[in-house]
Amino acid sequence: MRRVRPKAANRANSLGTPALKHPLQQAEFALSIANDAQLPPPGPPEIAFAGRSNAGKSTAINVLANRTRLAFASKTPGRTQQINFFRLRSGALLADLPGYGYAAVPLALKRHWQGFLGRYVATRQSLVGLVLIVDARHGLADLDVELLSSFLGSGRPVLLLATKMDKLTTSKQREAEQDIVRALVTTFPAQSAQVAVVPFSATRRMGVEAAEAVLREWLGEGDGNAVLEESPATSSKEKAPRTRGVPRGPKRPSRG
Ligand code: GDP
């Protein structure tokens, strides 16, 4: 396993344009879609945010975008059954996928959306990375594993935000993170290196800088701002923000 150490950001990238320190800031709502046919044609790089209902996805997006209500954080999970697209300052798209796993959603609708999400992450050409939001207290759920199985075959990277860390003591935080890393290595022995695990808390703004460093790399704005380091998966000495896993550069999809 390796980890990412974010360095001072905002340097010019190799194209001579300024790197975006906060890649999600100034995101604007673009469109909502409810089925495959409504997906916009693949074009600019796209980053998808996924997670179980109530895991903290909307809150994470809002914190990274530095907005209070860009993504609608709701106390009624499972309500939104659409993909909301936001346009980033760079022109890239953020796709906010519907939360899954909410018990009260009718089974047929659940199946419909699981199928749609699986197809979307497996086949969307412009997708450069998947941000998976996992409640650190609960760890990886079956539906998270299902979505990862659909996506990892593409060879593209995953940023797993293990969120709500503020609800755990420091030692439980470390345990929760290690449990997730272990589950990834066990479930995806050949692909776990595609996943970077970042301990995260929206309320404490923990892991924000590390997450942004990974997103910048995916968007081609990194210019070495996220530094890969060798690190034993169970090292207990370093301080947050840090990531586990290897967020390799995205396998850029061919356009067309
Ligand atoms: P979503 O369904 O995945 O979009 O989840 P939300 O973003 O709506 O969050 C679900 C609940 O968890 C809300 O009550 C949030 O305030 C809360 N929440 C989200 N992130 C955090 C966090 O990092 N720390 C704490 N303590 N609560 C959080």
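Residues numbered from 1 in each chain as written. Predicted model: local features only at pLDDT ≥ 70, side-chain atom pairs only at ≥ 80, totals over all residues. Heavy atoms only, no water.

## Overview of helix α2 (residues 107-123)
Now for step 1: Helix length check: α2, at 17 residues, gives a terminal C-alpha distance of 24 Å against a target of 24 Å (1.5 Å per residue), a fit within 8%.
Now for step 2: Where α2 is concerned, the buried positions are W113, Q114, F116, L117, G118, Y120 and V121.
Now for step 3: Buried residues along α2 sit against β2 (28-33), β3 (46-51), β4 (83-87), β5 (93-96), β6 (127-135) and α3 (142-152). (Helix = DSSP H or I, 4+ residues; strand = E, 2+ residues; numbered from the N terminus. Expected span 1.5 Å × (residues − 1). Buried < 20%, exposed > 50% of the residue type's maximum accessible area, 1.4 Å probe, protein only. Contact = heavy atoms within 4.5 Å.)

## A closer look at the confidence of the model for the protein
Now for step 1: Confidence in the prediction for the protein averages 82 pLDDT; 75% of positions are at 70 or higher.
Now for step 2: Predicted confidence for residues 5-17 stays below pLDDT 50, and this span has 34 contacts to residues more than four positions away or in other chains. (pLDDT = per-residue confidence, 0-100.)

## Things to note about the pairing of strand β8 (residues 195-199)
Now for step 1: Most of β8 sits inside the fold, with 5 of its 5 residues counted as buried.
Now for step 2: Burial of β8 is two-sided: the residues V195, V197 and P199 facing one way and the residues A196 and V198 facing the other way are all buried.
Now for step 3: As defined by bridge partners, strand β7 (residues 158-163) adjoins β8 across 5 bridges and the pair is classed as parallel. Each bridged residue has a counterpart across the sheet, and for V158 the counterpart in β8 is V195.
Now for step 4: As a crossover connection, the stretch from β7 through helix α4 (residues 170-187) into β8 is right-handed. (Pairing = 2+ DSSP bridges. Right-handed = clockwise from strand over helix to strand, strands pointing away.)

## Points about the site of the ligand
Now for step 1: In the vicinity of the ligand there are 18 residues, among which N54, S58, T59, D166 and A202 approach most closely.
Now for step 2: At a separation of 3.2 Å, an oxygen atom of the ligand approaches a polar backbone atom of A55.
Now for step 3: Within the contact set of the ligand, an oxygen atom lies 2.7 Å away from a backbone nitrogen or oxygen of A202.
Now for step 4: The fraction of the free accessible surface of the ligand (580 Å²) that becomes covered by protein chains is 82%.
Now for step 5: Residue contributions to the shell around the ligand peak at 3 residues, all from helix α1 (residues 57-65).
Now for step 6: Split into classes, the residues belonging to the shell around the ligand amount to 3 nonpolar, 9 polar and 6 charged. (Near = heavy atom within 4 Å. Polar contact = N/O pair within 3.5 Å; in protein donor to acceptor, adjacent residues only side chain to side chain. Areas by Shrake-Rupley, 256 points an atom, 1.4 Å probe, with all protein chains shown as cover. Nonpolar A, V, L, I, M, F, W, Y, C, P; charged D, E, K, R; others polar.)

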